[in-house]
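Each chain, letter by letter, is given below.
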Amino acid sequence: MAGALSRRGCIKIRGPQLRELLDSKCNILFDCDGVIWEGEKAIPGAIEVVSLLKNQGKNVFFVTNNCTRPRDSYMQKFTRLGFTDVQKRDIFSSAYCSAVYLRDFANLQGKVFVIGGDGVYKELREAGVPFVESEPETPGMTISDCPLHSDVKAVLVAYDEDFNFLKLAKACCYLRDSECLFIASDPDPWHPVRGGRVTPGSGSLTAALETATNRKATVMGKPSRFMFECITSQCGADAAQSLMVGDRLETDILFGANCGLSTVLTLTGVSTIEEAQANLESDSPAKQNAVPDYVVDSIDVFLFIILHFKAAGSHLVDETGNVKGSINSKDPAPMEKPNIEDRSSEYVVQFFNDVNGHKSQRKNKQRTKRAARVEYWFINSVDQYD
């Protein structure tokens with residue numbers, strides 16, 4: 001089935017084609033910020049999409065360049081926002097992948113000097129990677145008289161709100177040793193914050209150190225391939241059966257292209273469809289590599305497709321594939337009880353068994369009108385069999 005899909009680039013994907021794409025993939029990779037949530041609010045439909053994909057037996061992973069928090073903190077956020085099916089092993093952050101690289105791949109024979117925040121330190125500590133503890137700085141101290149550690153064998157640069165000149169100078173001194181590893185958590189140049197403002201990202205700090213040392217960092221996060229190699233080493237994911245869903249062309253989509261994954265750009269985050277089209281029409285090979293295979297307005301489209309087409313074997317759709325009874329109607333047409341001997345029907349029956357427990361969510365303001373209409377139709381259909 002996977003071979004039937006065309007990779008023409010930047011296609012606004014719809015119904016049957018999106019169903020075919022999802023059916024052909026075993027592994028779904030989601031970015032978090034701008035795809036799964038925005039700040040402290042889940043993107044409408046995201047909670048249901050993740051749950052339904054997992055119920056279908058899909059492997060769902062979350063790949064993020066946000067290194068400010070450890071995976072335990074990510075788990076707390078998923079729970080806080082209402083995601084009940086996410087496990088720690090599903091989360092691959094740039095901080096976690098940096099720790100895995102230093103522990104399992106780099107053969108590190110010393111300590112790590114860190115430019116970064118608590119998220120990086122906690123992941124290194126959990127992985128058992130030795131590092132130079134953050135030290136309070138003495139007022140007036142300069143690189144000429146500050147202590148340096150002789151056993152530093154790697155410098156790791158990540159997002160650091162307390163970045164300063166002395167940290168940069170120390171890292172420069174350590175990297176004068178050609179055998180000292182130079183690692184960057186991710187290349188993100190900036191991040192959006194509230195009020196339309198931005199903050200410099202890890203990539204900006206890495207660029208300063210690259211300029212000062214005339215060395216290039218080895219990047220762990222997207223669009224580097226290592227994050228997917230980390231998933232593969234732990235979970236055995238196959239690129240041909242994997243789909244990357246993200247909101248940023250130069251990281252998420254390029255990451256997918258670099259790893260040989262199918263890619264979907266969702267328009268709820270940073271990049272726009274106009275930027276994607278511009279990349280498609282560009283003569284630059286670098287920009288052409290950052291073109292998504294497909295585009296959706298939001299991942300709530302997945303919710304409609306999953307519910308619609310998983311009903312196909314149970315007489316919930318007519319011969320043309322349309323749902324019986326308009327989902328825009330307040331009076332859905334009567335339908336036959338699902339044939340529980342049909343495998344597709346088993347999914348619907350299970351959904352029917354579970355849906356009453358979610359009725360209270362129908363008034364959740366974060367749900368899109370489309371998702372709410374689909375749920376209304378299913379719930380009113382369930383009522384026929386109560």
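For the structure, see preceding data.
Structure report, in brief. Since this is a predicted model, take the numbers as computed values, not measurements.

### Some details on the overall build of the protein chain
Secondary structure summary: the protein chain contains 14 helices and 15 strands in total. When the 386 residues of the protein chain are sorted by exposure, 51% land in the buried category. In the protein chain, the proportion of contacts linking residues at least 24 apart, taken out of those at least 6 apart, comes to 71%. Carbon and sulfur atoms form 48% of the exposed surface of the protein chain, whose accessible area is close to 18400 Å².

### Focus: helix 7 (residues 202-213)
Along its 12 residues, helix 7 runs 17 Å from first to last C-alpha, staying within 8% of the 16 Å computed at 1.5 Å per residue. Residues S202, G203, L205, T206, L209, E210 and T213 constitute the buried set of helix 7. Down the axis of helix 7, the smallest arc covering the buried residues is 160°, so these residues share one side. On the buried face of helix 7, the contacting elements are strand 7 (111-115), strand 8 (152-157), helix 6 (165-174), strand 9 (181-184) and strand 10 (190-192). Positive backbone phi, at 60°, marks N214, one or two positions downstream of helix 7.

### Brief notes about the sheet that holds strand 13 (residues 242-246)
Strand pairing within a sheet occurs via backbone hydrogen bonds; the two strands may be parallel or antiparallel. Strand order in this open sheet of seven strands is 1-15-14-13-2-5-6, and the pairing throughout is parallel. In the strand order of this sheet, the two ends are held by strand 1 (11-12) and strand 6 (91-93), each with one partner. By the bridge criterion, four bridges tie strand 2 (residues 27-30) to strand 13 in an arrangement that is parallel. Among the inter-strand pairings, F30 is bridged to a residue of strand 13, identified as V245. In the packing of helix 8 (residues 226-235) onto the sheet, contacts are made with strand 2, strand 5 (59-64), strand 6 and strand 13, and the angle to strand 6 comes to roughly 145°.

### Some points on the pairing of strand 9
Sheet topology note: the strand 8/strand 9 ladder contains four bridges and is parallel. For A154, the partnering residue across the bridge sits in strand 9 and is L181. Handedness of the crossover joining strand 8 and strand 9 through helix 6: right-handed.

### Examining the side chain of D160
Note that D160 resides in the loop between strand 8 and helix 6. Of the residues examined, D160 reaches a relative accessible area of 8% and is grouped as buried. Engagement of the side chain of D160 in a polar contact is seen with the backbone nitrogen of D162, the distance being 2.8 Å. Engagement of the side chain of D160 in a polar contact is seen with the side chain of K167, the distance being 2.8 Å.

### Topic: the packing of helix 6 against helix 7
A pair of packed helices is captured by two measures, namely the crossing angle of their axes and the spacing between those axes. At a minimum axis distance of 10 Å, the contact between helix 6 and helix 7 shows a crossing angle of 45°. Between helix 6 and helix 7, the interaxial angle falls into the category oblique. Judged by the sense of rotation from one axis to the other, the crossing of helix 6 with helix 7 is right-handed. Contacts from L168, A171 and C172 of helix 6 reach helix 7 at A208, L209, A212 and T213. Taken together, the residues of the contact of helix 6 with helix 7 sort by class into six nonpolar, one polar and no charged.

Here is what the cut-offs are and how they apply
Residues numbered from 1 in each chain as written. Predicted model: local features only at pLDDT ≥ 70, side-chain atom pairs only at ≥ 80, totals over all residues. Heavy atoms only, no water. Helix = DSSP H or I, 4+ residues; strand = E, 2+ residues; numbered from the N terminus. Buried < 20%, exposed > 50% of the residue type's maximum accessible area, 1.4 Å probe, protein only. Contact = heavy atoms within 4.5 Å. Areas by Shrake-Rupley, 256 points an atom, 1.4 Å probe, with all protein chains shown as cover. Expected span 1.5 Å × (residues − 1). Arc of directions from axis to C-beta. Pairing = 2+ DSSP bridges. Axes fitted to C-alpha atoms, helices over the stretch in contact; angles between N-to-C directions. Right-handed = clockwise from strand over helix to strand, strands pointing away. Polar contact = N/O pair within 3.5 Å; in protein donor to acceptor, adjacent residues only side chain to side chain. Parallel < 35°, antiparallel > 145°, perpendicular 65-115°, else oblique. Left-handed = near helix turned anticlockwise from the far one by under 90°. Nonpolar A, V, L, I, M, F, W, Y, C, P; charged D, E, K, R; others polar.

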